[in-house]
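Here is what each chain is made of, one letter per residue.
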Amino acid sequence: MEEYPKTLKLKDGTVVHLRLMTADDMPKLLEFFRGLPQEDRLFLKEDVTNQAVIERWIKELNYDRVLPVLAEAEGKIVGDATLHLQKRGWSRHLGEIRLVVATGFQRKGLGTILAREIFHHAVLRGLQKLQALMMESQIGALKAFEKLGFCKAAILKDHVIDLKGNRHNLVIMTNDVGELWRKIGDLILESEFTME
Ligand SMILES: CC(C)(COP(=O)(O)OP(=O)(O)OC[C@H]1O[C@@H](n2cnc3c(N)ncnc32)[C@H](O)[C@@H]1OP(=O)(O)O)[C@@H](O)C(=O)NCCC(=O)NCCS
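Residues numbered from 1 in each chain as written. Predicted model: local features only at pLDDT ≥ 70, side-chain atom pairs only at ≥ 80, totals over all residues. Heavy atoms only, no water.

1. Let's talk about the pattern of salt bridges
Evaluated as defined, the whole model comprises 13 salt bridges. A salt bridge links Lys28 to Glu72; its shortest N-O distance comes to 2.5 Å. A residue pair is termed long-range when its members are at least 10 positions apart, and Lys28 in helix α1 (residues 26–34) and Glu72 in strand β3 (residues 66–73) qualify at 44 residues. For Lys28, a relative accessible area of 29% translates into the label partly exposed. (Salt bridge = Lys/Arg side-chain N within 4 Å of Asp/Glu carboxyl O. Helix = DSSP H or I, 4+ residues; strand = E, 2+ residues; numbered from the N terminus. Buried < 20%, exposed > 50% of the residue type's maximum accessible area, 1.4 Å probe, protein only.)

This is how it looks when you write it as structure tokens:
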């Protein structure tokens, strides 16, 4: 992991630093997640505004099970991407990507940059396939993951509940890691952000 920190510029010139999450990140993570608008938080897998959830992540920090890449700008976390791995069993070839970008930093290419980091780690770890899970109502996220190269593999009806207790269809999006890696190369070439 000597490659971190990395510094780069987004489409609008904003400078962002990428690094891995450490045990000291608790306050910054809480500030980041509590600053997300309800429409972005409501549909996430866990209640990320709950301090106990973040404490558990920090306590269980193990890059071989969950690899968390953070984006920071002016000392604040503005993006969080995680690669979830399973060492054994019939899903050991499969990783799961979760991605969140602060509202003020969305549509500037940061989600694409963070996804590229995750695809890179998936390639290094020899994963064959990646999946992303989201509710069918998360239209922006669905579009973003489609643009990244994911395809809808299945829709499970009324399968998950949001933080308010309402049921939603769960969309399972997948693609092969090699395909995603090729696709992200094209997107990065097309986009205007620069690696420094
Ligand atoms: C999904 C998410 C991470 C995308 O982050 P981002 O930094 O905005 O992504 P990018 O700027 O790289 O966008 C890439 C492309 O995705 C598409 N896209 C992203 N957000 C979109 C939206 N709200 N509506 C439509 N298309 C969208 C666009 O095609 C965009 O390219 P463009 O801006 O050149 O048109 C962000 O919207 C987010 O954090 N959402 C809330 C959390 C979430 O739902 N996560 C998914 C569950 S894992």
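2. Here we look at the site of the ligand
As a matter of local geometry, the ligand sits amid 21 residues, with Val101, Arg107, Gly111, Thr112 and Gln138 nearest to it. Separating a nitrogen atom of the ligand from a backbone N or O atom of Leu99 is a distance of 2.9 Å. Contacts to the ligand include Val101, whose backbone N or O atom sits 2.8 Å from an oxygen atom. Taking 920 Å² as the accessible area of the ligand by itself, protein coverage stands at 82%. If you list the elements that add at least two residues to the shell around the ligand, you get β5 (94–101), α4 (110–124) and α5 (139–148). Top contributing element to the shell around the ligand by residue count: α5, with six residues. Partitioned by chemical class, the residues of the shell around the ligand number eight nonpolar, six polar and seven charged. (Near = heavy atom within 4 Å. Polar contact = N/O pair within 3.5 Å; in protein donor to acceptor, adjacent residues only side chain to side chain. Areas by Shrake-Rupley, 256 points an atom, 1.4 Å probe, with all protein chains shown as cover. Nonpolar A, V, L, I, M, F, W, Y, C, P; charged D, E, K, R; others polar.)

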